[in-house]
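Each chain is listed here by its residues.
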Amino acid sequence: MNVSRRIAVFLRDRKLWGTRRVLLETTTNIIPRTLVIILDGNRRYAVHLGYGANELTIGHEYGHKAVKQLIRAAFEYGVERVVVWAASKANFDERKMEGMRNIMRIFGQEVRDQLKTPPKHGEEVQFHVVGDEWLKYCEEDPDLPRDVRLLEVQTATYDTKRKLIVLFGYSGRPDIMYAIKGMMNYGVANGLTPEQVD
C-alpha cells in the first residue's frame, strides 16, 4: 500500500478525515519529518455549529481537542517534529481579553495534565514553547510560566526524536532580525557590497 493510501486509512480510522486532503496533496512516498499546524477558524467553527458569534470558548475547545488528536496521529505515523502555531503575537494584541483568558486557561490545563500524567513508554515527546507574548497574560495564573518551564525541563530528559514545539505569542520577527544581522555581519566581514549578497 503506498504512503498516500496508508495516510488516508490512518486518518479515517482516527476520525481525522478532514485533514486527509491537505496531507495527500503534500505527501510523496516519504513520511515528513516535520508537520506544522496553524490553528485558525475556531470561532468560525463554533458559529458553524450554531453557537453565537460571542461564544468564545466552544470553538477553542473543539480546536484543542482536534489538534491533540492530530498531534497524536502524526507521532504514531512517524512524524518526528510537530510545530503548532497556537497563537501569534498579533493574536494577543488584537483579541478580546475574554478570548485570550480562555486560550490561556486551555493552555494551562494542558500543561498541567501533561505534568501529572507521565507518558507510556515509547510515547514520550519533548515539549518546547517559543514566544513570550503570553507571559503578559498570566496575572490570573501566575504559576503557568513556572509549570511550562517545568514541563520543558522534564520532557528534555526523554530519549526520543519526537518533539512538540508550540509557537505561542510568537511573531517570527526576532528570528528574521537575527538572520538579517547575521547576513550583514558576514557581508561586512567578507568585504561584500549589498549587491553581492545572494
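Residues numbered from 1 in each chain as written. Predicted model: local features only at pLDDT ≥ 70, side-chain atom pairs only at ≥ 80, totals over all residues. Heavy atoms only, no water.

### Some points on the packing of aromatic side chains
Here is the rule we go by: Only Phe, Tyr and Trp rings are paired, with Trp represented by its six-membered ring, and only when their centres lie within 6.5 Å; those with planes under 30 degrees apart are stacked, over 60 edge-to-face, the remainder tilted. Working definition: helices are DSSP H or I runs of at least four residues, strands are E runs of at least two. Numbering for both runs from the N terminus. Only protein chains enter the accessibility calculation, which uses a 1.4 Å probe; a residue is then buried when its area is under 20% of its type maximum, exposed when over 50%, and partly exposed in between.
All chains considered together, the criterion is met by 3 aromatic pairs. Consider the rings of Phe 107 and Trp 134, whose centres lie 5.5 Å apart with planes at 75 degrees: the pair is edge-to-face. Placement of the pair is Phe 107 in helix H6 (residues 97-116) and Trp 134 in the loop between strand S3 (126-130) and helix H7 (144-156), with a sequence separation of 27 residues. The exposure classification of Phe 107 matches that of Trp 134, with both residues buried. Arranged with centres 6.2 Å apart and planes meeting at 45 degrees, the rings of Trp 134 and Phe 168 form a pair that is tilted. Pair noted here: Trp 134 is in the loop between S3 and H7 and Phe 168 is in strand S4 (residues 163-170), with a separation of 34 residues, a long-range link.

### Overview of the sheet that holds strand S1 (residues 34-38)
Basically, it comes down to this: Should DSSP find at least two bridges between two strands, the strands are regarded as paired. The angle between two axes is taken between their N-to-C directions and runs from 0 to 180 degrees, where each axis is a line fitted to C-alpha atoms and a helix contributes only its stretch in contact. The contact definition used throughout considers only heavy atoms, calling two residues in contact when any of these lie within 4.5 Å.
Here 4 strands make up an open sheet; going across it, the order is S1-S2-S4-S3 and the pairing parallel. Two strands close off the open sheet at either side, each with one partner strand: S1 and S3. In this sheet, adjacent strand axes meet at a mean angle of 15 degrees when their direction is disregarded. The strands that helix H4 (residues 57-77) touches are S1, strand S2 (81-88) and S4; relative to S2, the one it contacts most, it runs at about 160 degrees.

### Remarks on the pattern of salt bridges
Between side chains of opposite charge, pairing is possible as soon as their charged atoms come close. As a reminder, the rule being used: Any Lys or Arg side-chain nitrogen located within 4 Å of an Asp or Glu carboxyl oxygen qualifies as a salt bridge.
A complete count under the given rule lists 9 salt bridges for this structure. With a shortest N-O distance of 2.8 Å, Arg 146 and Asp 147 are connected by a salt bridge. In this structure, Arg 149 and Glu 152 form a salt bridge, with 2.9 Å as the shortest nitrogen-oxygen distance. Residue Arg 149 and its partner Glu 152 are located together in helix H7, separated by 3 residues, close to a single helical turn. With a relative accessible area of 15%, Glu 152 lands in the buried category. Each of Arg 112, Asp 141, Asp 143, Arg 146 and Asp 147 takes part in salt bridges that share partners, so that together they form one network.

### A look at the layout of surface pockets
Note the cut-off: Cavities and pockets were defined on a 1 Å grid built over protein atoms only: a cavity is a set of grid points that admits a 1.4 Å probe from which the probe cannot escape, a pocket is an open set flanked by protein on both sides within 12 Å along at least five of seven lines, and lining residues are those with an atom within 4 Å of any such point. Grid points are joined across faces, edges and corners, and a volume is the space filled by probe spheres set on the points. All amino acids are sorted into three groups, where Ala, Val, Leu, Ile, Met, Phe, Trp, Tyr, Cys and Pro are nonpolar, Asp, Glu, Lys and Arg are charged, and the leftover types, Gly among them, are polar.
Quantified by volume, the largest pocket comes out at close to 1300 Å³. Taken together, 43 residues form the lining of the largest pocket, with Lys 68, Ile 71, Glu 110, Gln 114 and Leu 164 sitting closest to its centre. Those elements that place two or more of their residues in the lining of the largest pocket are helix H3 (42-48), H4, S2, H6, H7 and S4. When its residues are assigned to classes, the lining of the largest pocket shows 21 nonpolar, 10 polar and 12 charged.

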